[in-house]
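A closer look at the structure
Here is how the chains run, residue by residue.
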Amino acid sequence: MTDANTISAPIRTVGGPRQASLELRGTVLVFHQKGWAGSASVFIPVEWITVSSRFRYNTNYLLGMLLAGALFISLCSAITVEATRGATIQAAAAVIPALLCLAVNLYFLYRVLQRGRTTILSVESDPRAMHIEFWHVPTREPELDALLDRLNSLRSRIEDVAPYPIQTSHTWYRLRPLRAVLAKGLLYSVILYLPVSILAGYLE
C-alpha cells in the first residue's frame, strides 16, 4: 500500500501469467501482468467491474501434465524399441527417467483434480467483455481481501452518485521482442519434437 487512495495485492491467475497483481488507484483498478517476454497493465474504471466467485479445478498444471505424459510415452517407446533389439543396457538406462516423468505426471494430475475457490472480476467493456479470474481463499490473503472490500465499496458509492459511468480505459504494454521470439520458437520446437520423436521410435 503506497497511500490512502492506493492499495495493491498479488494474485495467482487461472490460466494466465504467474506474475500478476491488482492495484486500486482511487476509482481505477489496474491489472498488472508480467511474463518472460513482456508485461502489460490494464486500467479499468471500477464501475465496469462485477465481482463473483466459484469453485473450479486447477488447470494451471495441465500443460505440465501433458508434457510430462508425452515425454513418458516417448521414453516407454524408446525402452520398447531398445528391448526388442536386445539392447538391455540402453533400455534399463531409460527406465529411471521414465519413472521420474510418471511421478511428475501423477503429481500434476493430483494438482489438476484439486478444486479451489476463485474470484472473478467481470469487466463489461467495448469491444468485448474481459474476465480476470484468480485463486482466492478469504481470510488467508488479507491484502487481497482489503482490496476487494474497497472495490465493492467504491462500486456501490459510484453507482449511487454517477448514473453515467466512465466509458474509457487503456492498456499499457512493454514487450521484449527478442524474448518473445525465443519463447515462441521454444514452444513450437517442443510441440513439433514430441510427436516426431514418438513416430520415429515406432518407425525404427
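Let me begin by describing the structure that accompanies this report. Note that the coordinates shown come from a computational prediction; the quantities given were computed from them, not determined experimentally. (Residues numbered from 1 in each chain as written. Predicted model: local features only at pLDDT ≥ 70, side-chain atom pairs only at ≥ 80, totals over all residues. Heavy atoms only, no water.)

This brings us to the overall build of the chain. Helix and strand counts for the chain come out as five helices and eight strands. Ordered by position in the sequence, the α and β elements of the chain form the string β-β-β-β-β-α-α-α-β-β-α-β-α. Burial status across the chain gives 35% buried among its 204 residues. Taking as baseline every contact in the chain between residues at least 6 positions apart, the subset at least 24 positions apart corresponds to 61%. In the structure as shown, the chain presents an accessible area of about 13100 Å², 64% of it carried by carbon and sulfur atoms. (Helix = DSSP H or I, 4+ residues; strand = E, 2+ residues; numbered from the N terminus. Buried < 20%, exposed > 50% of the residue type's maximum accessible area, 1.4 Å probe, protein only. Contact = heavy atoms within 4.5 Å. Areas by Shrake-Rupley, 256 points an atom, 1.4 Å probe, with all protein chains shown as cover.)

A few words on helix H1 (residues 62-85). The terminal C-alpha atoms of H1, which comprises 24 residues, lie 35 Å apart, in line with the 34 Å expected from a rise of 1.5 Å per residue. Considered for burial, the residues of H1 that qualify are Met65, Ala68, Gly69, Ala70, Ser74, Leu75, Ser77, Ile79 and Val81. (Expected span 1.5 Å × (residues − 1).)

Bringing the nonpolar core into the picture now. Residues Ile11, Leu22, Leu24, Leu121, Phe134 and Leu147 are the most contacted members of the largest nonpolar core, which totals 23 residues. Residue assignment for this core shows that the elements contributing at least two residues are strand S1 (6-13), strand S2 (19-25), strand S3 (28-35), strand S4 (38-45), strand S6 (115-123), strand S7 (130-135) and helix H4 (142-161). Of all the elements, H4 adds the most residues to this core, at six residues. Non-local contacts of Leu22, meaning those with residues more than four positions away in its chain, are made with Ile7, Ser8, Ala9, Ile11, Leu29, Val30, Phe31, Leu121, Phe134, Leu144 and Leu147. Grouped together as the second largest cluster of nonpolar side chains are five residues, Leu75, Ile79, Ala94 and Cys101 included. (Core = buried A, V, L, I, M, F, W, Y, C linked by side-chain atoms within 4.5 Å.)

A few words on unusual backbone geometry. Positive phi, normally seen in glycine, also occurs at Thr139, with a value near 80°. Structurally, the position occupied by Thr139 is in the loop between S7 and H4. For Thr139, a relative accessible area of 69% translates into the label exposed.

The next point concerns the environment of Leu63. Following the sequence through the fold, Leu63 ends up in helix H1. A residue is classified by how much of its surface remains accessible, and Leu63, at 54% relative accessible area, is exposed. Linking Leu63 and Gly15, residues 48 residues apart in sequence, is a C-alpha distance of 10.0 Å.

The subject of this paragraph is the side chain of Arg155. Among the secondary structure elements, Arg155 is positioned in helix H4. Apart from the residues within four sequence positions on either side, Arg155 is in contact with Val46, Glu47, Trp48 and Ile49.

Here the focus is the pattern of salt bridges. Applying the stated criterion across every chain yields a total of three salt bridges. For the salt bridge of Glu23 with Arg25, the shortest nitrogen-to-oxygen distance reads 3.1 Å. Its relative accessible area of 39% is what places Arg25 among the partly exposed residues. Note that Glu133 and Arg54 form a salt bridge whose closest N and O atoms lie 3.0 Å from each other. Here Glu133, found in strand S7, pairs with Arg54, found in strand S5 (residues 49-57); they are 79 residues apart in sequence, far enough to count as distant. On the basis of relative accessible area, Arg54 is assigned to the partly exposed category, the value being 39%. Taken together, the salt bridges that share partners define one network made up of Arg54, Arg56 and Glu133. (Salt bridge = Lys/Arg side-chain N within 4 Å of Asp/Glu carboxyl O.)

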